[in-house]
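Below are the chains, spelled out letter by letter.
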Protein chains: 2
Amino acid sequence: MERLPLEELGGWRRCESTGNISHDSGKFFTVQGLDVRFPGSPVDAWTQPIINQPEVGILGILVKRVDGVPHLLMQAKNEPGNHDGPQVSPTVQATRSNYTRVHQGRPVPYLEHFREPSGRVLADVRQSEQGAWFYRKRNRNMVVETAEDVEVLDGFRWLPLGRVHEMLAVPDLVNMDARTVLACMPALGARVPEDDGFRAALIRSRDPRQAAVHGIGEVLSWLSGIRSTVDISTEPIPLNRLRQWRRDDGRISHDSGRFFDIIGVRVASNGREVSGWTQPMIEPVGTGVIAFLVRQIGGVLHALVHARVEPGYTDVVELAPTVQCVPENYDHLPPAARPLFLDEVLGAGPERIRFDTVLSEEGGRFYHARNRYLIVETGEDPAPGHPDFRWLAMHQVVELLRHSYYLNVQARTLSACLDSLSAAAR
Amino acid sequence: MERLPLEELGGWRRCESTGNISHDSGKFFTVQGLDVRFPGSPVDAWTQPIINQPEVGILGILVKRVDGVPHLLMQAKNEPGNHDGPQVSPTVQATRSNYTRVHQGRPVPYLEHFREPSGRVLADVRQSEQGAWFYRKRNRNMVVETAEDVEVLDGFRWLPLGRVHEMLAVPDLVNMDARTVLACMPALGARVPEDDGFRAALIRSRDPRQAAVHGIGEVLSWLSGIRSTVDISTEPIPLNRLRQWRRDDGRISHDSGRFFDIIGVRVASNGREVSGWTQPMIEPVGTGVIAFLVRQIGGVLHALVHARVEPGYTDVVELAPTVQCVPENYDHLPPAARPLFLDEVLGAGPERIRFDTVLSEEGGRFYHARNRYLIVETGEDPAPGHPDFRWLAMHQVVELLRHSYYLNVQARTLSACLDSLSAAAR
């Protein structure tokens, strides 16, 4: 992987009239502009570059029980944006251009298990990805259980589910695509709460028979109200019509140096569908903080979700972690704009921190995009009745994850990480 | 109500560069163009006018139990597009411009019961409307149960639910907005199947404990697959860039005379928020046929739903009735393009027809838009295994109606009509 000025990307063209960057084939994705008006928010209007990738790809994990223990067929995959080598990836992770072979590469292995499933489909739901960087991107998240003999190709391995759960605690090891599919996977075995501690409250939280603070109808009505009244409008615009962004030194950057850059890279890879290519990528500035505050209510663990607006969402608002931000991006704004609960999360003592690992976002579009994912337990409600936040039991999160666009990709990662904590005493 | 050439609409302007027609306030809605590419369909590319109304309005019905019997507060409302006088409408039917009083009219009565519900929220979900005529329109469908004393204003009346159900069988009486809210309303009382006939199978079909041909996970996976692979792209374009549409004689029409016209009207109304106004409307050509084929499977009634693409849908594909078309629109196309099951429905003998009533679509945007709604029982599956159709039990429809964009507005009308048949032997 080497950096390359945007002007030198072979196979990509810059449209003369709009400045948009797209692939010669018309496939893959386009870097374009977005005009956002969001009156009443800390920044009430802005423009930004955004990736438009209208195709729906497949992220699929193949599951097989070996002696009753669920095993996941995972791939060690190197992506150009990865921080530190290959990461544990789903069985299949393919854009439609990939699997319809626009770039005339090799066929995607195991794809047939998801395109024409002969096994049992345990999950199959389109979910959004980063709404700050992608314009209405959705991928199809699938889990298929097979009973067949499946040949294990080079670079793939059957891993016990518990092993994958342990790997989530290792920095930059399980990739974003694997995490979102793990979040959509239903429980593959019942667990029994053994005591009255955190883990027991978490196990109860996954049990749909347990009570939650708000009924699911109440949660849906809350979100329906916010989605109906939030006053954001977005409009795709030409990339050369951005305000406060400049094209300089072979990249596109914000005048402040904040947020992210659009960069170019050349990839010389083996083990991928094609042998080498160039592409634009998003390189974020800073490491984000993404956290769930969790709390035992009546012996059932609840997570505090935030109804969050991101300009690229298909449906305006999704449920996000309690905290999701890059702290430096708020340095120039007044203190009132500082993200709620950020200080609460960063100031928590180690006895309250249940999970704390830096994980990477998708390495196919994002260059060294890393976030510190935290799960922090609290004994009290830091903002009772705040209109943009609700406490949800995890079985409610699981129910919502059967449908599209309720939980954002960061909340899905945290949901997978939280689930992993119920697997074993640590 | 009188017709008016589009050029003479006071308060509306035609943009010089695009030809788009919008209100001077920038609110309400815009008539613009849409470019549709849908390779592989009978017409693989076209352009059309479409209404862009980005605001989310509220359609709300207030419910109150009187001696245990649910009563609905309904309004007799006259709309400019109504075929034959006032129709039975929800308690509240208001665009956001209405209720934030952009046109400086009177406040919307009963709105506070939905904006700040003090009662029990029985349903609260944003749903799409006609995807052939609206670009990504959504309204918030709400049912709120109150125990308070509510003053009954002029033009409003508490109607027992059973009475509203009977009214559905009367032509052009219950308006579209009332029907979609009725569809989203959960069952307000248990019914017991009394025999083994159609009505008993229908009552069992509403009971979530009853088996269905396909599990809900299987239904969701089917739809996820179609939504992920359907190859339609739509792009808003200026109204003056339409192909095969002409502006002539004060209206916009298709060269063939088919589909619909954009017309202008002047409304002189009393009993509305403002005393008079002008506006553009859609006037469809022909009366549509909209039908569910239903079938008893294991004593449980199932309806045959169609995964249907309409260019204005937020999420590409929604579940539609078995048949939904204006038959004349297909006269010029080859026989293979004729809608599936249309002949099956129109040729059914009276002993198989469970519901057959002409109902109006929304009279605020559509002028004399009427469809013949049919529910036809069949003893056998006319197209086993067709990839675009599935048999659903009604409790599955009810479950999907808690979430946005699964059932289209025509299927919601038929769902409400079907539900009404369970109320009483006829």
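Look above for the structure.
Read on for a plain summary of the structure. Just so you know, these numbers come straight off a predicted model, no measurement behind them.

### Comments concerning the overall build of chain A
Of regular secondary structure, chain A possesses nine helices and 25 strands. Dimensions of chain A, computed from C-alpha atoms along their principal axes, come out at roughly 65 × 60 × 35 Å. Taken across its 426 residues, chain A has 60% of its residues classed as buried. Once local pairs closer than 6 in sequence are excluded, the contacts in chain A between residues at least 24 apart make up 71%. Total accessible area on chain A stands at roughly 17100 Å², and carbon and sulfur atoms take up 47% of it.

### Concerning the nonpolar core
L72, L182, L319, I375 and L418 of chain A are the most contacted members of the largest nonpolar core, which totals 66 residues. Examining the composition of this core, we find that six residues originate from one element, helix α6 (residues 216-229) of chain A, more than from any other.

### A word on unusual backbone geometry
Residue and element names in this part refer to chain A. Of note, F28 is a non-glycine position whose phi angle comes to about 60°, a positive value. When you line up the elements, F28 lands in the loop between β3 (21-23) and β4 (30-37). A positive phi angle, close to 70°, is found at V316, a residue other than glycine. Accessibility expressed as a relative area gives 15% for V316, which makes it buried.

### Structural notes on the interface of chain B and chain A
Tallying the contact residues gives 27 residues for chain B and 26 residues for chain A. For the pair chain B and chain A, the two sides together bury roughly 2300 Å², of which 40% comes from carbon and sulfur. Of all residues in chain B, the largest losses of buried area upon contact with chain A belong to R126, S228 and H403 of chain B, amounting jointly to 23% of the total for that side. On the surface where chain B and chain A come into contact, there are two salt bridges. Salt-bridge contacts for D315 of chain B lead to R126 of chain A; the nearest nitrogen and oxygen are separated by 2.8 Å. Inspection of the chain B/chain A interface yields 13 residue pairs in polar contact (both at pLDDT 80 or more).

### Focus on the side chain of T413 of chain A
Residues and elements named next belong to chain A. In this fold, T413 is placed in helix α9 (residues 409-420). Taking relative accessible area as the criterion, T413 reaches 0% and is therefore assigned buried. Discounting chain neighbours no more than four positions away, the residues touching T413 are R179, L359 and Y373.

### Overview of α9 of chain A
Here α9 of chain A spans 17 Å end to end across twelve residues, near enough to the 16 Å set by a 1.5 Å rise per residue. Three or more residues of α9 of chain A are buried, namely V409, Q410, A411, R412, T413, L414, S415, A416, C417, L418, D419 and S420 of chain A.

### Section: the relation of the copies chain B and chain A
Relative to chain A, chain B is turned by 180° and slid 0.0 Å along the rotation axis, the superposed coordinates differing by an RMSD of 0.0 Å. Expressed as an axis order, the relation between the two copies is that of a two-fold axis.

### A word on the pattern of salt bridges
All names here are of chain B. One pass over the full model with this rule turns up 56 salt bridges over all chains. With its nearest N and O atoms 3.4 Å apart, the salt bridge here joins R120 to E145. Of this pair, R120 sits in strand β10 (residues 120-128) while E145 is found in strand β11 (residues 138-145), placing the two residues 25 residues apart along the sequence. The class of R120 is exposed, set by a relative accessible area of 55%. Residue E145 is classed as buried on the basis of its relative accessible area, which comes to 13%.

### Overview of the side chain of D315 of chain B
By the secondary structure assignment, D315 of chain B is in the loop between β19 (300-309) and β20 (317-320). The exposure class of D315 of chain B is buried, given its relative accessible area of 3%. Looking at D315 of chain B, its side chain comes within polar contact range of the side chain of R126 of chain A, at 2.8 Å. Those residues in contact with D315 of chain B, other than ones at most four positions away along the chain, are R126, R138 and Y405 of chain A together with R227 of chain B.

### Quick notes on the environment of G215 of chain A
All names here are of chain A. Its place among the elements puts G215 in the loop between α5 (198-205) and α6. For G215, a relative accessible area of 37% translates into the label partly exposed. Spatially, the C-alpha atoms of G215 and P284 are 38 Å apart, while their sequence positions differ by 69 residues.

### Focus: the packing of aromatic side chains
Using the criterion set out here, one finds twelve aromatic pairs over all chains in the structure. When the centroid spacing of 5.2 Å and the interplanar angle of 45° are considered together, the rings of W245 of chain B and F260 of chain B count as tilted. On the criterion of sequence distance, the pair formed by W245 of chain B in strand β14 (residues 245-248) and F260 of chain B in strand β16 (residues 260-268) is long-range, its members being 15 residues apart. The pair W245 of chain B / F260 of chain B is uniform in exposure class, with both members buried. Here the aromatic cluster, defined as three or more aromatic residues joined through ring pairs, consists of W133, F134 and F366 of chain A. Lying over the aromatic face of F198 of chain A, R354 of chain A brings its terminal NZ or CZ to 4.6 Å of the ring centre.

### Regarding the environment of F389 of chain A
Position of F389 of chain A relative to the elements: it lies in strand β25 (residues 389-393). Aside from chain neighbours lying at most four places away, what touches F389 of chain A is W222, L304, V305, H306, T322, L340 and F341 of chain A.

### Quick word on the pairing of β25 of chain A
Residues and elements named next belong to chain A. With four of its five residues buried, β25 lies for the most part within the structure. Bridging between strand β20 (residues 300-309) and β25 involves five bridges; their strand directions are antiparallel. By the bridge assignment for β25, L304 is matched with W391.

### Structural notes on the packing of helix α4 (residues 176-184) of chain A against α9 of chain A
Residue and element names in this part refer to chain A. Two elements in contact, α4 and α9, have axes whose closest approach is 8 Å; the angle formed by their N-to-C orientations is 70°. Classified by the angle between their axes, α4 and α9 sit roughly perpendicular to one another. Residues M176, R179, T180, L182, A183 and C184 of α4 lie in contact with α9, whose contacting residues are V409, R412, T413 and A416. Here the contact of α4 with α9 is composed, by residue class, of six nonpolar, two polar and two charged.

### Digging into the state of the cysteines
Covalent bonding between the sulfur atoms of two cysteines defines a disulfide. Residues and elements named next belong to chain A. Within this structure, the stated rule accounts for zero disulfides over all chains. Take C325: it sits in no disulfide, and the sulfur closest to it among the cysteines is that of C417, at 17 Å. Left without a disulfide partner, C417 is nearest to the cysteine sulfur of C184, which lies 14 Å away.

About the thresholds
Residues numbered from 1 in each chain as written. Chains lettered and ligands numbered in written order. Predicted model: local features only at pLDDT ≥ 70, side-chain atom pairs only at ≥ 80, totals over all residues. Heavy atoms only, no water. Helix = DSSP H or I, 4+ residues; strand = E, 2+ residues; numbered from the N terminus. Buried < 20%, exposed > 50% of the residue type's maximum accessible area, 1.4 Å probe, protein only. Contact = heavy atoms within 4.5 Å. Areas by Shrake-Rupley, 256 points an atom, 1.4 Å probe, with all protein chains shown as cover. Core = buried A, V, L, I, M, F, W, Y, C linked by side-chain atoms within 4.5 Å. Buried area = accessible area lost by both parts, 1.4 Å probe. Salt bridge = Lys/Arg side-chain N within 4 Å of Asp/Glu carboxyl O. Polar contact = N/O pair within 3.5 Å; in protein donor to acceptor, adjacent residues only side chain to side chain. Expected span 1.5 Å × (residues − 1). Least-squares fit on C-alpha atoms with pLDDT ≥ 70 in both. Phe/Tyr/Trp six-rings, centres within 6.5 Å; stacked < 30°, edge-to-face > 60°. Lys NZ or Arg CZ within 6 Å of the ring centre and 35° of its normal. Pairing = 2+ DSSP bridges. Axes fitted to C-alpha atoms, helices over the stretch in contact; angles between N-to-C directions. Parallel < 35°, antiparallel > 145°, perpendicular 65-115°, else oblique. Nonpolar A, V, L, I, M, F, W, Y, C, P; charged D, E, K, R; others polar. Disulfide = S-S within 2.5 Å.

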